Structure formats: structure tokens, C-alpha cells
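Structural description and commentary
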Amino acid sequence: MSVVQSLATFLATASLLTLTPGLDTAMILRTAASSGTRPAWFAAIGIGMGCLAWGMIVAVGLGALLAASEIAFTAVKWAGAAYLLWVGLHLLLRPRASFEVPAHAVDRRAADSLRRGFLTNILNPKIGVFYVSF
């Protein structure tokens, strides 16, 4: 198999994995329901940036390091767990007072959604395993 064929196969498979429903889809739906369409688009862009980051990590060989090093993989898992814990505590300690989104908060929510989408994807070790395996 040539390099071009390998790259095309990887691109097709990575695209299919990106489009299948999962945690990322749930996050976009949650963001759309709670914050509106614009922040949901920014969450989707953040998720896409996370997939692109995983693709670049694998392309430069750091994915092989994660596959070979249990310590590195465990560090990514713990970082993801810490992020989920932080989000959960934030929701418990500062619950939403209402479901109305003020007009001035939309831009901030869009930036927050972009960050959340990226972090949710890049700190998900399952995504890394998929990219490394392909």
C-alpha cells in the first residue's frame, strides 16, 4: 500500500469515527439545548480541533509513545478524569439559576463552548486509542 493510499484510508476512517455518535454528539446536543445554536457550533468546532490535534499527535509519532508508554497513557486518562471532575464540581457548586441566556453572555458562551469541545475531545483517551490504532 502506498503512502497516498494509507493516508486516504486513515482520512476516511478518522472521518467516519468523527461522525459517529458518542460523547461529542451528546455534548453538542447539550450545548444546543442549554445555550443555543451558536455555542453548539463552537462546541462542534472545538471537537473538530480536538480530532485534528489527535491526528497531528499521531502523525508526528507521539501517538506511538502513548501506545507504548503506560505512564503517558495513564497521565492522559487522569487529566481527562480531573477535567470531568472539575466540570462536575462546577455544576454542583454553581448550579444554573435560570435557562435564559442573556444577550451579552452569548459571545462568552461561544468561547467557553469552543474550549469545552476541544478539552472534552483531547482529554478523552478513547479518541487517542482510535487514532493510534489506525
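Throughout what follows, the structure given in this document is the object of discussion. All figures in this text were calculated on a predicted structure; none of them were measured in a lab.

**Re helix H3 (residues 37–59)**
- The end-to-end C-alpha separation of H3 is 33 Å, in line with the 33 Å expected for 23 residues at 1.5 Å each.
- Among the residues of H3, those classed as buried are Pro39, Ala40, Ala43, Gly46, Ile47, Gly50, Cys51, Ala53, Trp54 and Gly55.
- Note on H3: the residue one or two positions beyond its end, Gly61, has a positive phi of about 95 degrees.

**A look at the nonpolar core**
- Counting seven residues, the largest nonpolar core consists of Ala14, Cys51, Ala53, Trp54, Ile122, Ile127 and Tyr131.
- Broken down by secondary-structure element, the contributors of at least two residues to this core are H3 and helix H7 (125–133).
- Top element by residues in this core is H3. It accounts for three residues.
- Ignoring anything within four residues of it in the chain, the contact list for Ile127 reads Asp24, Trp54 and Asn121.

Cut-offs and rules
- Residues numbered from 1 in each chain as written.
- Predicted model: local features only at pLDDT ≥ 70, side-chain atom pairs only at ≥ 80, totals over all residues.
- Heavy atoms only, no water.
- Helix = DSSP H or I, 4+ residues; strand = E, 2+ residues; numbered from the N terminus.
- Expected span 1.5 Å × (residues − 1).
- Buried < 20%, exposed > 50% of the residue type's maximum accessible area, 1.4 Å probe, protein only.
- Core = buried A, V, L, I, M, F, W, Y, C linked by side-chain atoms within 4.5 Å.
- Contact = heavy atoms within 4.5 Å.

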